[in-house]
Amino acid sequence: MRFRTFVGIMAGKSRAGLVYLPSSERTMKTSKIVAVVLIAGLMAGGCGKKPDEKKAAAGSDSTAGSAYDTSLSPQSKPVIIKFITWPDSLTPQPGDVPSSITWNFFDSTSRRKFSPVEMSVLSREGFFVEDVPPASEVMTDDMVDRYGDLYVFNYGQSYSTIPVFISSDFLMHVFHVEFDRMFQSVEQKRFLPLLEELTSNLLRLSVEQTQRSATPLMRSASARNVAYLSVAAKLLNDSVDVPQEAKELAGWELRLINDASGFHDSPLMGFQEDYTQYKPRGHYTINRDLTRYFRAMMWYGRRSFATTSDTLTLQALLLTQLLNRPEILSVWEKIYKPTEFVAGESDDLSLYDYAEIMRVIYGEILNPAELADTTKLHRFMDEASRHASPRISGNRLSDRLASGSIARGFRVMGQRSVPDAYIFSEVTSPRVGTDDRPRNMPTVLDVMSILGSPIADELVQTDASIPNYAEQMQKLKAEFSDYPPQLWTSNLYWCWLNTLRPLMQEKGPGFPYFMRGRKWATKGLLTAVGSWTELKHDTFLLSKQSYAEMGEGEDEEIPKPPPPPRSYVEPDLEFFNKMVYLVDRTRTRFAGMGLLPAEYEKKLGIFYDQLLNLRSIAQKELLNAGITVEEYESMLLFAQKISGIILPEDAGDIIEEQYKQMALVTDTHTDASATMKALENAVGAPQRIYVAVKDDSGGSRICVGYVYSVYEFAQPASNRLTDEQWKGMVYAKNRRPLESKEPDWARGLRSMPRH
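Residues numbered from 1 in each chain as written. Predicted model: local features only at pLDDT ≥ 70, side-chain atom pairs only at ≥ 80, totals over all residues. Heavy atoms only, no water.

Chemist: Could you give me a rundown of helix 6 (residues 247-259), with the residues and numbers involved?
Modeler: Taking 1.5 Å per residue, 13 residues should reach 18 Å; helix 6 reaches 18 Å between its end C-alpha atoms and fits that length. Each element contacted by the buried residues of helix 6 is listed here: helix 5 (216-236), strand 7 (263-265) and helix 7 (288-302). Looking one or two residues past helix 6, Ala-260 carries a phi angle of roughly 50°, positive in sign. (Helix = DSSP H or I, 4+ residues; strand = E, 2+ residues; numbered from the N terminus. Expected span 1.5 Å × (residues − 1). Contact = heavy atoms within 4.5 Å.)

Next comes the structure, spelled out in structure tokens:
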């Protein structure tokens, strides 16, 4: 038996099938490839490339051979720098820490005074995080606005005496905003019309198939496909007329979908389905078009035609026959291929898999009448059962076979196997725990531990006594450490995760004082969790979810403006290399597919250019080299430049407040036991960070910036939260309900001493 491995996507994918597909064989999944380890002492460039692969990493792409392949621009090539040991004179002393900072250039009484405890923390730790109330009004975006508040606007000019600290949180948040809104545009304006066209044509052709069916078995399977496609058609357009023979079955399914109340037997598919998954959430509640798209894609992504059922398998074969028509295949691939770049290939058997097996069993040219041959049908089912089993169940234990492996099945637009969902599925019941002591709910710390966070690794030890948890975590660490560097850049999802990995590492003497040790590694964990939550939010429709089950001023003389304050950018060069790659690859791949809207081509270009400038400054900071007045000005004005690319160009003058608020929530796992809970991960309003910086270029000063706030909690699956519901809690006057939802380790960051 072969199981799907993430490295299978490294093998290259030629598509094979019947006469409608290219005749070349589709490469099967490969076994794991030994990873190339980064050389210690160097800050690696690219997304997962080691330093001595610099030249290859800059021009290579793990999906070489793709029609959308694109080389990196010269500016995005990794910057390599050896660590230096900073002089002792650059270690902050208590006398170096200012007792206050001036917040308003025009008002010397507007000061932020530091308490003796805060000054002690600044001199000892180098930074501290402070909770601040959410903004009462958001102009563009919470975090962007907060950075903008560090300036004072007077007489048509902006002034500031506060050195700005540009955090990795700010940069990752800006990328999330640009990607999420760009992807919304693509889904609504490109994918939705394609999905409507695909569904309409498949429904029409299925009706014709039913009329031509020569046997009762074929007629029954075709009729059920008409009902299956009618559900999708009604989810896309409620005014669609459902064929008379499909009204009853389709009507039952639609009532369950609209109710979205829990697990029920699917009238059409014959197995239990979690109908709570059809509740629109994320950015799919913004408008009706995105809601229609969400529900139809969820239907196509979750409904599996199991290989253990004669009828369902025959239905899948009939659908595959239709999907292989060149005019249908072209439309299907215009949705599937771009989403494959975002989140990877389907975790279940896809059109490509079924077309290949059909070619083997039925020959290059299919005689439709042969589909009724039960001998060949069973041969097909046997062959399909030998294909890779899905890595993630995505449903209750009834989705599993007696062997314990996950049941195989065909899905029209299957949800994708993403690494974090795979980790969740491997460290929850039934693989971990017992009936008496199940582990049905994972934590984001499981993922961050596997991705290399030493802080997360310590925090998850509280579950080490749960049967088989420690063994599963050890197995996953070994598995992920063996993954080749190319896998970490194979699609946007993996590359995003890879960009977060360096942030969580404990830093040594090659970094400024405030970045060394456990507390900054915990801040890095906060950044990674916040950005990961935004990633899950942006892609949750595509990625399969894991399941567990078991037990203004007066007229006066304009004062002379001060010189630009000595700002600072978080100097993690490996992070910058990977983020530059992430942004560059996102824009070039979407442009190569003809899917990058002109608005976001411009916006991502602006952001990319700003990243290159900040990376250059970060390199100078690590070398304790001189930074020019122009570079200080560029850091000071960074937020102002970014504010111009946040809101959509076609949004108009009036935009709802909630649209601009950065808080969001996404459900990331389902406990399918009797309690029926969903794991919710969320981002709240930004927190403020004060950083004590000392270098030869700017001397001693306090820089101010902003970081994520994160939350993790269980919620009844029947009430999976929408962004609107969560924002109502975050921006409420009474924020006490949030306290129990914030992890202890994240709350402790605001006061945790260095160990």
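From this point on, the discussion continues.
Chemist: Break down the nonpolar core for me, citing the residues and quoting the values.
Modeler: Leu-171, Trp-299, Trp-332, Met-448, Phe-590, Phe-607 and Trp-726 are the most contacted members of the largest nonpolar core, which totals 214 residues. Ranked by the residues each element gives to this core, the list is headed by helix 4 (residues 168-212), at 18 residues. Setting aside its immediate chain neighbours within four residues, Trp-332 contacts Leu-198, Leu-323, Leu-351, Tyr-352, Val-412 and Met-413. In terms of nonpolar packing, the next biggest core, distinct from the first, is built from five residues, Phe-263, Ala-672, Ala-678 and Ala-717 among them. (Core = buried A, V, L, I, M, F, W, Y, C linked by side-chain atoms within 4.5 Å. Buried < 20%, exposed > 50% of the residue type's maximum accessible area, 1.4 Å probe, protein only.)

Chemist: Describe the sheet that holds strand 16 (residues 699-707), naming the residues involved and giving the relevant values.
Modeler: Pairing is antiparallel across the open sheet formed by three strands, whose spatial order is 3-15-16. Sheet topology places strand 3 (127-130) and strand 16 at the edges, where each strand pairs with a single neighbour. Strand-to-strand twist across the sheet, computed as the mean angle between neighbouring axes with direction ignored, equals 20°. Pairing of strand 15 (residues 687-695) with strand 16 involves nine bridges; the strand directions are antiparallel. Opposite Arg-688, over in strand 16, you have Tyr-706 as the bridge partner. (Pairing = 2+ DSSP bridges. Axes fitted to C-alpha atoms, helices over the stretch in contact; angles between N-to-C directions.)

Chemist: Run through the pairing of strand 17 (residues 710-716), naming residues and quoting values.
Modeler: In terms of burial, strand 17 is a largely internal element, five of the seven residues being buried. The pairing of strand 14 (residues 677-683) with strand 17 spans seven bridges and is classified as antiparallel. Across the sheet, Ala-682 pairs through a bridge with Tyr-711, a residue of strand 17.

Chemist: Help me get a handle on the packing of aromatic side chains, residues and values and all.
Modeler: Applying the stated criterion to the full structure yields 40 aromatic pairs. Geometrically, the ring pair formed by Trp-488 and Trp-494 is edge-to-face, given 4.9 Å between the ring centres and 85° between the ring planes. On the accessibility criterion, Trp-494 (2% relative accessible area) is buried. By the ring-pair criterion, three or more aromatic residues cluster together here, those being Phe-175, Phe-179, Phe-183, Phe-191, Phe-341, Trp-496 and Phe-590. (Phe/Tyr/Trp six-rings, centres within 6.5 Å; stacked < 30°, edge-to-face > 60°.)

Chemist: So what's going on with the environment of Ala-421? Residues and values would help.
Modeler: With respect to the helices, strands and loops of the structure, Ala-421 is situated in helix 12 (residues 419-426). Given the relative accessible area of 1%, Ala-421 is considered buried. Considering only alpha carbons, one finds Ala-421 and Val-447, 26 residues apart in sequence, at a separation of 8.8 Å.

Chemist: Can you lay out the pattern of salt bridges for me, pointing to particular residues and giving the numbers?
Modeler: Summed over the entire model, instances satisfying the criterion amount to 42 salt bridges. One salt bridge connects Lys-523 with Asp-169, and the closest N-O pair in it is separated by 2.8 Å. Residue Lys-523 is found in helix 17 (residues 518-539), and its partner Asp-169 is found in helix 4; the two are separated by 354 residues along the sequence. The two residues Lys-523 and Asp-169 agree in class, both being buried. Lys-477 serves as the salt-bridge partner of Asp-457, at 2.5 Å between the closest nitrogen and oxygen. Highlighted residues: Asp-457 in helix 14 (residues 454-459) and Lys-477 in helix 15 (residues 469-481), separated in sequence by 20 residues. For Asp-457, a relative accessible area of 24% translates into the label partly exposed. (Salt bridge = Lys/Arg side-chain N within 4 Å of Asp/Glu carboxyl O.)

Chemist: Give me the lowdown on the pairing of strand 16, citing residues and values where you can.
Modeler: In terms of burial, strand 16 is a largely internal element, seven of the nine residues being buried. Connecting the antiparallel pair strand 15 and strand 16 is a turn made up of three residues.

Chemist: Mind laying out the side chain of Ser-168, listing which residues take part and the relevant values?
Modeler: Tracing the sequence through the fold places Ser-168 in helix 4. In this structure, Ser-168 is in contact with Leu-503, Lys-523, Thr-527, Glu-570 and Phe-575, ignoring residues within four places of it in sequence.

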